[in-house]
Amino acid sequence: MLECRACQRKTLNLFLSLGQMPLVNRFIEPEALSCDEKRYPLDVAFCHNCGMVQLADVVPPTEMFSDYLYFTGASEPMRQHFLSMVTEILESVGASEGDLVVDVGSNDGTLLSQYPGWVRRLGIEPSSNLAQEAERHGITTMCDFLNVAAANRAVELHGNATIVTATNVFAHVDDIRGFLDAAQVLLGGSGALVIEVPYLLDMLTNVEFDTIYHEHLSYFAVRPLLGVFESQGFEVTSVKRIPVHGGSLRIYVRPSRNPQHSPIAKEFVSAELEAGLGTNAPYRRFATNVAAIRSRLCELVISLKDSGEAVAAYGAPAKGNTLLNYCGITADMIDYVTDTTPAKQGRYTPGTRIPVVHPSALVERTPDYALLLAWNYKDSILKKETEYRKNGGKFIVPIPYPTIV
Ligand code: TYD
């Protein structure tokens, strides 16, 4: 029987199985097309003791993050997001000239590059290709997973940090207590840790089932997190909802010997209980809605193909690969997928083997329909792709229920 990652009780209920899934960021090189990919079960459970939602299986992190093709800087809206985040942090937490700021899971250094030049910046990033990319742009980066040993090394070399950020990485961590211990070492008793994670409530409400993949071990709400923060000597000073990645939480915590969470954290807990997150009902409803998306999307794409329409996909995010694989939408239904990430172009989508091409294909080839896999950037993409739309191109938005725009 599995143990809950947050409360450590054996109180998990499975509520969704997305089947055997390949690693969704492992885009295939042309010479490997004839090889079979490894697949792993993708089953999701919720803890009826503390409400934490989590995967039932953990793929070893070194298998997922050794050569990682997600580059934050490839998505322009993320630059804007990090600029406003850094501005907010500097205003609310404050920093002095020469202070150290650390970003964990720093990817290609996009977040750190938004800080002004008068702070010292350090990235901690396990994927060597990304760490090298960040270094090329002048961001000092330790190539490592964050744990207490890595944090001690960082402090020895650079001193303690005033601000530690962890955006879209806490959900990737199996040992969340060890991660928080390491953050304590980095901070050395003061300063702030700012975490951004996709919010469970948004995932359930908008049926964002495609954000479920092996890298995302946890699907966080505030309630299960409070006890974890407390046990590792952190108190929550602020929580807010932000629109990024389909709806996320930004949580500020600080070291405290006697943690007293801000009243806003308690308001979140009340709202989560009111939404039934402690009961089976929303998870059952979610599983039913996920199945309905699959039926409708398959029916729609098959009927378009049968009527001779050309269908492509827009964006090759990791989540798009959960969606394509779960729905069984493969290269005989989608001609190609466009993506702004140079490292993905020329490769094929894991499991479904659709060629990834440069975004210029959208206007040059004008498919009748483009399945919007990067739906989290819908507004900015619809604004940007006016020429395609003027030429008669339409988008299929798969989430929360397939629609054509
Ligand atoms: P994203 O949704 O940020 O994350 P994840 O991989 O975690 O699901 O990924 C967006 C992908 O879409 C990324 O590969 C870049 C690509 N993209 C485009 O091709 N065009 C765009 O206009 C934007 C914003 C992103």
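Residues numbered from 1 in each chain as written. Predicted model: local features only at pLDDT ≥ 70, side-chain atom pairs only at ≥ 80, totals over all residues. Heavy atoms only, no water.

### Remarks on the overall build of the protein
Let me state the cut-off plainly: Only DSSP runs of H or I covering at least 4 residues are called helices, and only runs of E covering at least 2 are called strands; the numbering of each starts at the N terminus. Residue exposure (1.4 Å probe, protein chains only): buried if accessible area is under 20% of the type maximum, exposed if over 50%, otherwise partly exposed. We get accessible surface area from the Shrake-Rupley algorithm with a probe of 1.4 Å; when it comes to residues, only the shown protein chains can shield them. His is not counted, nor are the chain ends, whereas Lys and Arg count as positive and Asp and Glu as negative. For the purpose of locating charges, the reference atoms are NZ of Lys, CZ of Arg, CG of Asp and CD of Glu.
Helix and strand content of the protein: 13 helices and 17 strands. With respect to the three principal axes, the spread of C-alpha positions in the protein is 65 × 50 × 40 Å. Counting over 405 residues, the protein shows a buried share of 56%. When the accessible surface of the protein is summed, it comes to about 16,300 Å², and 50% of that surface belongs to carbon and sulfur atoms. Treating the 35 positive side-chain charges of the protein as one cloud and the 45 negative ones as another, the clouds have centres 3 Å apart.

### Brief notes about the sheet that holds strand β5 (residues 120-124)
Counted only if it meets this: The pairing criterion for strands is at least two bridges between them, as found by DSSP. Any two residues whose heavy atoms approach within 4.5 Å are treated as being in contact. To obtain each axis, a line is fitted to C-alpha atoms, and for helices this fit is confined to the stretch in contact; angles are then taken between N-to-C directions over 0 to 180 degrees.
Within the open sheet, the 7 strands sit side by side as β6-β5-β4-β7-β8-β11-β10. Their pairing is mixed. Both edges of this open sheet fall to β6 (141-142) and β10 (234-242), since each of them pairs with a single strand only. Where strand β4 (residues 100-104) and β5 come together, 5 bridges link them in parallel fashion. Of the residues in β5, the one forming a bridge with leucine 100 is arginine 120. Across the face of the sheet, helix α7 (residues 222-231) comes into contact with β8 (192-198), β10 and β11 (248-255) while running at roughly 155° to β10.

### A look at the site of the ligand
Applied cut-off: Near, as used in this document, describes a residue that has one of its heavy atoms within 4 Å of the molecule or strand being considered. Think of a polar contact as two N or O atoms within 3.5 Å of one another; within protein, one of them needs to be a possible hydrogen donor and the other a possible acceptor, and neighboring residues in sequence only count if both atoms come from side chains. Ten residue types, Ala, Val, Leu, Ile, Met, Phe, Trp, Tyr, Cys and Pro, are classed as nonpolar, four, Asp, Glu, Lys and Arg, as charged, and the remainder, Gly among them, as polar.
By nearness alone, 20 residues border the ligand, and Ala318, Lys319, Asp339, Lys344 and Lys384 come closest of all. Between the ligand and the protein, one listed contact pairs an oxygen atom with a side-chain N or O atom of tyrosine 70 at 3.0 Å. Take lysine 384: an N or O atom from its side chain is 2.5 Å from an oxygen atom of the ligand. For the ligand, whose unbound accessible area comes to 570 Å², protein coverage reaches 96%. For the shell around the ligand, the secondary structure elements donating two or more residues are α10 (318-327) and α12 (378-384). Split by residue class, the shell around the ligand holds 10 nonpolar, 6 polar and 4 charged.

### Structural notes on empty space enclosed by the protein
For clarity, the cut-off: Cavity means a closed set of points on a 1 Å grid over the protein atoms alone, one where a 1.4 Å probe fits but cannot get out, pocket means an open set with protein on both sides within 12 Å along at least 5 of 7 lines, and lining means a residue has an atom within 4 Å of a point. Grid points are joined across faces, edges and corners, and a volume is the space filled by probe spheres set on the points.
One pass over the structure, following the stated rule, counts 3 cavities of 30 Å³ or more. Lining of the largest cavity is provided by Leu23, Val24, Asn25, Arg26, Glu63, Met64, Asp67, Tyr68, Tyr213, His214 and Glu215. Each residue belonging to the lining of the largest cavity can be placed in one class, and the counts come to 5 nonpolar, 2 polar and 4 charged. Its volume calculated, the second largest cavity comes out at about 40 Å³. Around the second largest cavity, the lining residues are Ala171, Pro198, Thr211, His216, Ser218, Tyr219 and Phe220.

### What about helix α3 (residues 128-136)?
Quick reminder: α-helices carry 3.6 residues per turn. Residues three or four places apart thus point the same way. Among the residues of α3, those classed as buried are Asn129, Leu130, Ala131, Glu133 and Ala134. On the buried face of α3, the contacting elements are β6. Positive phi appears at glycine 138, one or two residues downstream of α3, with a value of about 85°.

### Considering the packing of aromatic side chains
Defined as follows: Planes of paired rings set the category: under 30 degrees apart is stacked, over 60 is edge-to-face and the rest tilted, where pairs are Phe, Tyr or Trp rings (Trp by its six-membered ring) whose centres lie within 6.5 Å. Charges are assigned to positions over rings by a cutoff of 6 Å between ring centre and Lys NZ or Arg CZ, combined with an angular limit of 35 degrees from the ring normal.
For the structure shown, the criterion picks out 11 aromatic pairs. With a centroid separation of 5.4 Å and 65° between ring planes, the pair formed by phenylalanine 65 and tyrosine 68 is classed as edge-to-face. What makes tyrosine 68 buried here is its relative accessible area of 9%. Each member of the aromatic cluster is reached from another via a ring pair, and the members are Phe15, Phe46, Tyr283 and Phe286. It is arginine 294 that lies over the ring of tyrosine 326; its NZ or CZ is 4.1 Å from the centre. Above the face of the tryptophan 375 ring, lysine 319 is positioned so that its terminal group lies 5.5 Å from the ring centre.

### Overview of the packing of helix α4 (residues 148-158) against helix α5 (residues 176-187)
The criterion, for reference: Angle categories are assigned with fixed cut-offs, so that under 35 degrees is roughly parallel, over 145 is roughly antiparallel, 65 to 115 is roughly perpendicular, and the rest are oblique. Take the far helix as the reference: if the near one is turned anticlockwise from it by less than a right angle, the crossing is left-handed, and if turned clockwise, right-handed.
Running from N to C, α4 and α5 point in directions that differ by 10°, and their axes come no closer than 8 Å. The angle between α4 and α5 falls in the class roughly parallel. The chirality of how α4 crosses α5 is right-handed. Taking contact as the criterion, the partners of Val148, Ala151, Asn152, Ala154 and Val155 in α4 are, on α5, Gly178, Asp181, Ala182, Val185 and Leu186. Of the residues belonging to the contact of α4 with α5, the class tally is 7 nonpolar, 2 polar and 1 charged.

### A closer look at the side chain of glutamate 208
Heads up, the condition is: One speaks of a salt bridge when a side-chain nitrogen belonging to Lys or Arg is within 4 Å of a carboxyl oxygen belonging to Asp or Glu.
Along the polypeptide, glutamate 208 turns up in the loop between α6 (200-205) and β9 (218-219). Within the buried core, glutamate 208 has no salt-bridge partner, and the shortest N-O distance to an opposite charge, that of arginine 241, equals 8.7 Å. Within the structure, the side chain of glutamate 208 is placed 3.1 Å from the side chain of asparagine 206, a separation counted as a polar contact. The residues contacting glutamate 208, other than those within four sequence positions of it, are Asp202, Met203, His245, Gly246, Phe286, Trp375 and Ile399.

### Focus: the pattern of salt bridges
If you walk through the whole model with that rule in mind, you get 14 salt bridges. The partner of glutamate 37 in a salt bridge is arginine 353, and the shortest N-O contact between them spans 2.9 Å. Of this pair, glutamate 37 sits in the loop between β1 (12-22) and β2 (39-47) while arginine 353 sits in the loop between β13 (337-338) and β14 (356-357), placing them 316 residues apart in sequence. On the basis of relative accessibility, which here comes to 21%, the residue arginine 353 falls in the partly exposed class. Salt bridges sharing partners connect three or more residues here, namely Glu88, Glu196, Lys240 and Arg250.

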